[in-house]
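Residues per chain, in single letters:
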Amino acid sequence: MIKGLFKFFSSLKLAVFSLLLLSAVLAFATFVGSYYGMRGSQIVVYQRWWFGGVLFLLGLNVFCAAMSRYPWKMRQTGFVITHLGIIVILAGAFVTQQFGLDGNMPIPEKQQSQEVILNDLKLTVTDQRTGTTQMFSVPEFHRSKVGKLMQVDLAGGEQIQIEKFIPRAIPETKMVPSPTPGIGLPAVKVGLTNSRFQIEQWLRPEAKTERAELNLGPAIVTFEALKTSADEQAFFQRKPKAPQPKGKDQGRLLIEVQGKRFALQVSELLGKWRPLEEVKLEIQVKRYLPYAVVDGKKLISKSQEPVNPAVEVEVREMGQATPPEKHTVFALFPEFNTLHQGAKNKKNPLGVTLSYRGPEKEESLRGVGRARGHLFLAQSADRSKILYRVLSSAGAVNGEGQLKAGEKVATGWMDIELSLKDWIPSSVLDEEPRSVEVLQGADEPFLTAVRMRVGNTPAFWLLEGMGKSVAASSGDLIVQYHRDRMTLPFQLYLDKFTMGTNPGTNTAASFISDVTVKDPKAQSDKKATISMNEPLKYGGYYFYQASYQLSPGQPAVSVFAVNHDPGRVLKYLGSLLMTLGIAIMFYMNPHYLKILVGNHKETQ
């Protein structure tokens, strides 16, 4: 019996089957990854118990095949070493799967962190009365799943259920009927169609203005809720308000320095210094030139029309008496070097990058005209119907009355027709994420989302990284949905993040992070630079430059991929043994042995 099993596990047929099975599994994992991303491949294949079984079957076959030829002869040296290398590689893969770590560590510039965000999803529930906290593992799926996915009992007797899981979620806000009478605002979905386009748009008044407005270019649509019958009578007498003159627009100045971005109005900077506290700089616009031209050797403004807008800008360090840097920035020629005074050796000592968006020209509005048509929509005072009033650009009434579902009303603007698509007399906003079932391009870092309920409370959505206070029957609870975290024995401080761009574009070409490792067990801090091809190795962990985040007015955030692979040495050693074994088999081939040792037979 044992001899028969050993013969089966050492057979060539099983070796062929094992290799074909492993190839099919890897091909399937690649197929899954193309649709559901790298995380989908891990969930469906690489983290499943049966994948470990496939590797174990291959390793057992290799081991039995090697032992079947024991005692080994000299000419079998390469064969034995090659099989040993395969076994060592598989052992390294097992160690990595069981004890390895992969995660992310985002760190803002001039800040430090020692927390690694792992892949495992967790649900943390805190009882606000007692302060006790419970943590539960949340099952993860590669596709959206509905059902009783998870059910746990809390210490206070409350029960939590997860009803739906979305692996790739995009947050969306929807309007739903209010569950509480008297609470909520009206919402209407209207359609505007003609022979060239079709528009469907929800309109819901804002709480402060009590009116919603949609700008369609040649026409403006407004929607409101009427409160009395007098309001209804006044509604059918309504005329558009005369446009109010706006202040003179001088455009915006965009500033990028030390990984931070600012967007400031030129009118706020003209002739006065504006401090940028976060970067310890001050900036002002010395001159605004609407129509900049060169007259002799001087830059002047030919007229007040914004034909070629430009600004002269000064930048200096806060509290320093050194002369300021002087920049000239053209809205129409962003590729020009803006710095013309204050630099040494043609370098930018303050590291400031400026761009300028000029004022909006009046010509850009002429396509729709100064006078516009108006469509007034309103919910009646008794909440029983939708009223409408259509005015032409000249103020003439093109139509008015009650807007009914399924009917189309001519607006008189070209061949545009108005229709009522949906209507909620009293609505509230409900956040319900939209699922991206299949990836269309790159494997983007989507967030997961779960729909859950606590006890008898209404179900609610939680996006990954979010929390919610729930008034349960047993007391107030704080529910948080997040990835698991691990604390490193040392801290990583981000001194500076630098992003290189392709010449003449804003496309990122390289990312570099200057960091400091602060280890309480070390005698001194360690300085290091992490780039796309140069990771940092410290304390058994590898830190790779993965991505970055840039937000206006916020410090740059560098995102590091953190890897701890205790099986790496075994995998390297196994690869070396395989290479050595194949080389020995090649040189111990009988044909080459005859050449090397002549016609002497191998000593048995």
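Thresholds, definitions, all that
- Residues numbered from 1 in each chain as written.
- Predicted model: local features only at pLDDT ≥ 70, side-chain atom pairs only at ≥ 80, totals over all residues.
- Heavy atoms only, no water.
- Axes fitted to C-alpha atoms, helices over the stretch in contact; angles between N-to-C directions.
- Helix = DSSP H or I, 4+ residues; strand = E, 2+ residues; numbered from the N terminus.
- Parallel < 35°, antiparallel > 145°, perpendicular 65-115°, else oblique.
- Left-handed = near helix turned anticlockwise from the far one by under 90°.
- Contact = heavy atoms within 4.5 Å.
- Expected span 1.5 Å × (residues − 1).
- Buried < 20%, exposed > 50% of the residue type's maximum accessible area, 1.4 Å probe, protein only.
- Pairing = 2+ DSSP bridges.

Visitor: Hey, could you run me through the packing of helix 2 (residues 12-46) against helix 3 (residues 49-67) in this one?
Guide: Each packed pair of helices is defined by two parameters, the angle between the axes and the distance between the axes. Between helix 2 and helix 3, the shortest axis-to-axis distance is 10 Å and the interhelical angle comes to 155°. For the element pair helix 2 / helix 3, the angle class is roughly antiparallel. The interaxial crossing formed by helix 2 with helix 3 has left-handed handedness. Seen from helix 2, the contacting residues are Leu14, Ala15, Phe17, Ser18, Leu19, Leu21, Leu22, Val25, Leu26, Val44, Val45 and Tyr46; seen from helix 3, they are Trp50, Phe51, Val54, Leu55, Leu57, Leu58 and Asn61.

Visitor: Which parts of the structure should I look at to understand helix 3?
Guide: Owing to its 3.6 residues per turn, the α-helix brings residues three or four apart onto one side. The end-to-end C-alpha distance of helix 3 is 27 Å, a good match for the 27 Å that 19 residues give at a rise of 1.5 Å each. Taken together, the buried positions of helix 3 are occupied by Phe51, Val54, Leu55, Leu57, Leu58, Gly59, Asn61, Val62, Cys64, Ala65 and Ala66.

Visitor: For this particular structure, what's the right way to read the pairing of strand 2 (residues 112-127)?
Guide: The side chains of a regular strand alternate, first on one face of the sheet and then on the other. As paired strands, strand 2 and strand 30 (residues 475-501) are joined by 12 bridges and run antiparallel to one another. Residue pairing in the sheet places Thr124 in a bridge with Gln480 of strand 30. Here strand 2 pairs with strand 3 (residues 133-137) via five bridges, running antiparallel. Looking at strand 3, one finds that Thr124 is bridged to Met135. Between the antiparallel neighbours strand 2 and strand 3 lie five residues, among them Gly131 with a positive phi of about 80°.

Visitor: What am I meant to see in the pairing of strand 4 (residues 145-153) here?
Guide: Pairing geometry for strand 4 and strand 5 (residues 159-170), over six bridges, is antiparallel. The partner of Lys145 across the bridge, within strand 5, is Phe165. The antiparallel pairing of strand 4 with strand 5 creates a hairpin that spans five residues between the two strands, and Gly157 there sits at a positive phi of about 95°.

Visitor: Can you help me understand the sheet that holds strand 20 (residues 353-357) in this one?
Guide: Two modes of strand pairing occur in sheets, parallel and antiparallel, and in both the strands are linked by backbone hydrogen bonds. Within the open sheet, the three strands sit side by side as 12-11-20. Their pairing is antiparallel. Single-partner strands in this sheet number two, and they are strand 12 (260-265) and strand 20. Across the sheet, the mean angle from the axis of one strand to that of its neighbour is 20°, orientation sign disregarded. As paired strands, strand 11 (residues 252-257) and strand 12 are joined by six bridges and run antiparallel to one another. What sits directly across from Glu256, in strand 12, is Arg261.

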